[in-house]
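# Structural overview
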Amino acid sequence: MPITIPKARQFSRILGVGGARASRVVTNEEMCTMIDSTPEWIEQRTGIVERRWVAEGESALTLAEEAARKALERSGVDAANVDTLIISTVSHYMQTPSMAAIVAEKLGMGHPAVFDISAACAGFCYALGLADALVRAGNAKHVLIVGSEVLSEYTDTEDRGTAFLFGDGAGAAVVGPSDVPAIGPTVWGSEPAAHDVITIDDWRQAAAHPYIHMEGRAVFKWATTAIADKAKEALAASGIAAHELDAFIPHQANNRITDSMLRHLGLPEGVVVARDIRTTGNTSAASVPLAMEALLESGEATSGQTALIIGFGAGLVYGAQVITLP
Ligand SMILES: CC(C)(COP(=O)(O)OP(=O)(O)OC[C@H]1O[C@@H](n2cnc3c(N)ncnc32)[C@H](O)[C@@H]1OP(=O)(O)O)[C@@H](O)C(=O)NCCC(=O)NCCS
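In this report, we go over the structure that sits alongside the text. (Residues numbered from 1 in each chain as written. Predicted model: local features only at pLDDT ≥ 70, side-chain atom pairs only at ≥ 80, totals over all residues. Heavy atoms only, no water.)

Counting 44 residues, the largest nonpolar core has M31, F248, M261, L267, L308, I310 and F312 as its most contacted members. Every element with two or more residues in this core is listed here: α6 (216–224), α7 (226–238), α8 (255–265), β13 (306–313) and β14 (317–324). Of all the elements, α7 adds the most residues to this core, at 5 residues. With sequence-adjacent residues up to four places away left out, F248 is seen in contact with T258, M261, L262, L265, L267, V271, V272, V273, A274, L308 and I310. (Core = buried A, V, L, I, M, F, W, Y, C linked by side-chain atoms within 4.5 Å. Buried < 20%, exposed > 50% of the residue type's maximum accessible area, 1.4 Å probe, protein only. Helix = DSSP H or I, 4+ residues; strand = E, 2+ residues; numbered from the N terminus. Contact = heavy atoms within 4.5 Å.)

In structure tokens form, the structure reads like this:
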């Protein structure tokens, strides 16, 4: 007898997005009390003016829960009706249980499939690719995806090469069935030979605390060459021309990287470009959904518009899609 398989669906879409920002504002001035730098240098080299770090009582867990609640409310999907919860994080403090298992309990979910993925700053796009595939294959109806990071806890505040970059936050989205195409093909991949360009210490060897280490120039070069091409591939795979885009929401790593991608893609003037890094810093897996939420809340972008999203980072890994904004 042939095995019965789930009934596939043709399309999926993002039904709602939600974000949570840590509450402590760390300005460039404050940052420069920790490292040998100037507020102007940081702003000119990255576009960051301030970032958010967790305050007492906040963690990657509390931020994930807050972002997830908002995404559920905006999508009109009850937590009990979510089949799968995927959290992308490199900041969870336990090997097991997964952050997703803990957040599922906090959200009062039923018995969803729960698991975490580790795809650093490409985490949201990786999770979206998985959610899209699960929904279309008929293996899930509603998938909640979350990127949640508290990188301040892994930041060596004496390292002038990394300390000013990272921020804490979470972003979430609910993915469900759609009548029309609303998530283009996922263009994703990795650069395994460069796995050691951005790392968090091996906990067995960390002297006191695991910290982030990064070869900034190497990452910058990769992001402005190879990654810009991947953004182009995502457009081509979706059959969308640059002039048909309404918004470009790249991972918020560095405004100069974003500028370089814009030139490479040849995006016309009218395309709205996310610049959430200015007040948020680089929140890794949370950066794309946080930037998306910010554009929607400010009215710079609106539901139904077409956006190109791309994440890239430690691994090295990258992931990109063309989506319809929720
Ligand atoms: C980290 C980053 C901002 C550094 O900028 P950069 O222009 O590459 O800086 P460099 O390391 O080449 O250093 C340039 C100069 O600035 C100085 N410098 C480095 N850090 C500094 C700091 N925090 N403040 C002031 N000066 C600094 C260096 O000493 C060097 O001086 P020199 O020219 O006199 O030798 C940049 O490399 C970057 O954003 N890389 C990508 C990082 C990233 O996106 N990571 C996450 C990926 S998900």
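A few words on the environment of V114. Tracing the backbone through its elements, the reader meets V114 in strand β5 (residues 113–117). Leaving out residues up to four positions away in the same chain, V114 has contacts with L85, S98, A100, A101 and A104.

With that out of the way, let us pick up the site of the ligand. Around the ligand sit 23 residues, and of these S37, R45, R160, R217 and N254 come closest. One of the backbone nitrogen or oxygen atoms of G216 is found 3.0 Å away from a nitrogen atom of the ligand. Protein contact buries 73% of the 950 Å² of open area that the ligand shows by itself. In terms of residue count, α6 provides more of the shell around the ligand than any other element does, 4 residues in total. Residues belonging to the shell around the ligand are distributed by class as follows: 10 nonpolar, 8 polar and 5 charged. Formed jointly, the shell around the ligand draws a minimum of three residues from each of two domains, domain 1 (11–178) and domain 2 (187–324). (Near = heavy atom within 4 Å. Polar contact = N/O pair within 3.5 Å; in protein donor to acceptor, adjacent residues only side chain to side chain. Areas by Shrake-Rupley, 256 points an atom, 1.4 Å probe, with all protein chains shown as cover. Nonpolar A, V, L, I, M, F, W, Y, C, P; charged D, E, K, R; others polar. Domains from an automatic or database assignment.)

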